[in-house]
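What the coordinates show
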Amino acid sequence: MLRIDTSAVSAAKLEALLPRTLEGHKKLQAKSGAGAEYTDWVTLPDDYDKDEYKRLLGAAERIAGQSEVLVVVGIGGSYLGSRAVIDYLLSPYYNGTAGKKTPDILFAGCNLSGDALQKLTDRIGDRDFTINIISKSGGTTEPAVAFRYFRALAEKKYGKDGARKRIIATTDKARGILKTLSDGEGYETFVIPDGVGGRYSVLTPVGLLPIAAAGIDTDALISGAYTMMEACKTAKGLENPALAYAAARGALYESGKKIEVLASFDPDFVYMGEWWKQLYGESEGKEGKGLFPASVSYTADLHSMGQYMQQGERTLFETFIRTKSPTGGITVEADPQNADGLNFLAGKSIDEINDAAYEGTKKAHTDGGVPCLTVDLGCKCAKCAGELIYFFEYACGVSGYTLGVNPFDQPGVEAYKKNMFELLGKPGA
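Here we summarise the structure given alongside this text. Quantities reported herein were computed from a predicted structural model and do not represent experimental measurements.

Turning our attention to the pattern of salt bridges. Under the counting rule described, the total for this entry stands at 32 salt bridges. We note a salt bridge from Glu-52 to Arg-55, for which the minimum N-O separation is 3.8 Å. Highlighted residues: Glu-52 and Arg-55, both in helix α3 (residues 50-66), separated by three residues, approximately one helical turn. Ionic pairing is found between Lys-289 and Glu-287, a salt bridge with its closest N-O pair at 3.9 Å. Classification of Lys-289 by relative accessible area gives partly exposed; the value is 31%.

In structure tokens:
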């Protein structure tokens, strides 16, 4: 099971923050804090809709049977979670893998670049495709524009009746533009639960349908989340991993650390970092408060950001993510000539070298004045990924309450939309 090392923060500072983190914990368990109407994710690994989940797995099988490509249309929490899990558990190179029996997963509607949309269309080419449009209301500009475009492509390729069988909407259960359109056109629909906000929705049909379509064991993902849910519910004080993380973050923030850098030595983890940044940035960045979430991919970023991490402003701390390779890795062979001087590594696996890089980096950054936390996942598998997702979600809720903000709203997101609509001449803007 997931373990966290918070030894970079003194026991006294953790204990000082514990009463406030416990209060946040109580609010989450009772669903009584600010934004409580969006805390149904707290019990989701246990009380999700089992019948809908069974139907979702059937839909994933049908997608694989009828299409070589699944186009997931969504922005923010409507795509980051599924992309993160697919990249992490399969590979950023998953699409196009020879011999796989599952469709390529392409993501659209997460930007307003016409060039990117054209390139994505070119990647589909003449292949059969299915569309999964994900939007609570259906009115968010980026996915709405992309869906209009891909819906027209599908209707041109398959006809209106054929396109209906290749469009799946994940949306509100009862209202909204997309729900009305889906009911009118006869699209299959899955529900975004009312009590789960977008950035907490990866374990709902929002994330589970694309993840299942990619062939990932969603039962194991949910099982891992359930395991962590029980730990967060029952473990006492700082034995609770989410409370320990929330307390450490709070203590470091109050000591003047304003930036948290999530660091992984696994290049498959990059989009998990992107998902984490939305989760924490959108949840905590309010009222002039909150840690700024950043992420790096080591060892690559040690050759770009490493200098700053070592000797720049001491206003940051790092949270390292540790995993064990499920493959055992590749071993360095001896070279009779030893022209590159690397025979001292002969017989060692690349993963052993990577582990040494982690240990060396953590010591160097600690010595350079950067406090370092470590989250150890153990195995790189669907169950452990489910644990990590729930751990970060729960700790985020507690951290927001500890900070004194509502971790479940995002009022600042609307500012750019208002300005954009005025510039584009939207009626009533």
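Let us now look at the packing of helix α4 (residues 80-89) against helix α8 (residues 205-213). Two elements in contact, α4 and α8, have axes separated by 8 Å at closest approach and are oriented at 30°. Here α8 runs roughly parallel to α4, going by the angle between their axes. Handedness of the α4/α8 crossing: right-handed. Judged by residue contacts, Ser-82, Val-85 and Ile-86 of α4 engage Gly-207, Pro-210 and Ile-211 from α8. A class-by-class count of the residues in the contact of α4 with α8 yields four nonpolar, two polar and no charged.

Any empty space left between the atoms is revealed when a probe the size of a water molecule rolls over them. Estimates place the volume of the largest pocket at around 820 Å³. Forming the boundary of the largest pocket are 32 residues, of which Lys-136, Thr-140, Gly-198, Gln-410 and Lys-417 lie nearest the centre. Secondary-structure elements contributing two or more residues to the lining of the largest pocket are α6 (141-164), α11 (270-284) and α15 (414-424). Per element, the largest residue contribution to the lining of the largest pocket is three residues, and it comes from α15.

What counts, and where the lines are drawn
Residues numbered from 1 in each chain as written. Predicted model: local features only at pLDDT ≥ 70, side-chain atom pairs only at ≥ 80, totals over all residues. Heavy atoms only, no water. Salt bridge = Lys/Arg side-chain N within 4 Å of Asp/Glu carboxyl O. Helix = DSSP H or I, 4+ residues; strand = E, 2+ residues; numbered from the N terminus. Buried < 20%, exposed > 50% of the residue type's maximum accessible area, 1.4 Å probe, protein only. Axes fitted to C-alpha atoms, helices over the stretch in contact; angles between N-to-C directions. Parallel < 35°, antiparallel > 145°, perpendicular 65-115°, else oblique. Left-handed = near helix turned anticlockwise from the far one by under 90°. Contact = heavy atoms within 4.5 Å. Nonpolar A, V, L, I, M, F, W, Y, C, P; charged D, E, K, R; others polar. 1 Å grid on protein atoms, 1.4 Å probe; cavity = no way out; pocket = protein on both sides within 12 Å on 5 of 7 lines; lining within 4 Å. Points joined across faces, edges and corners; volume = space filled by probe spheres on them.

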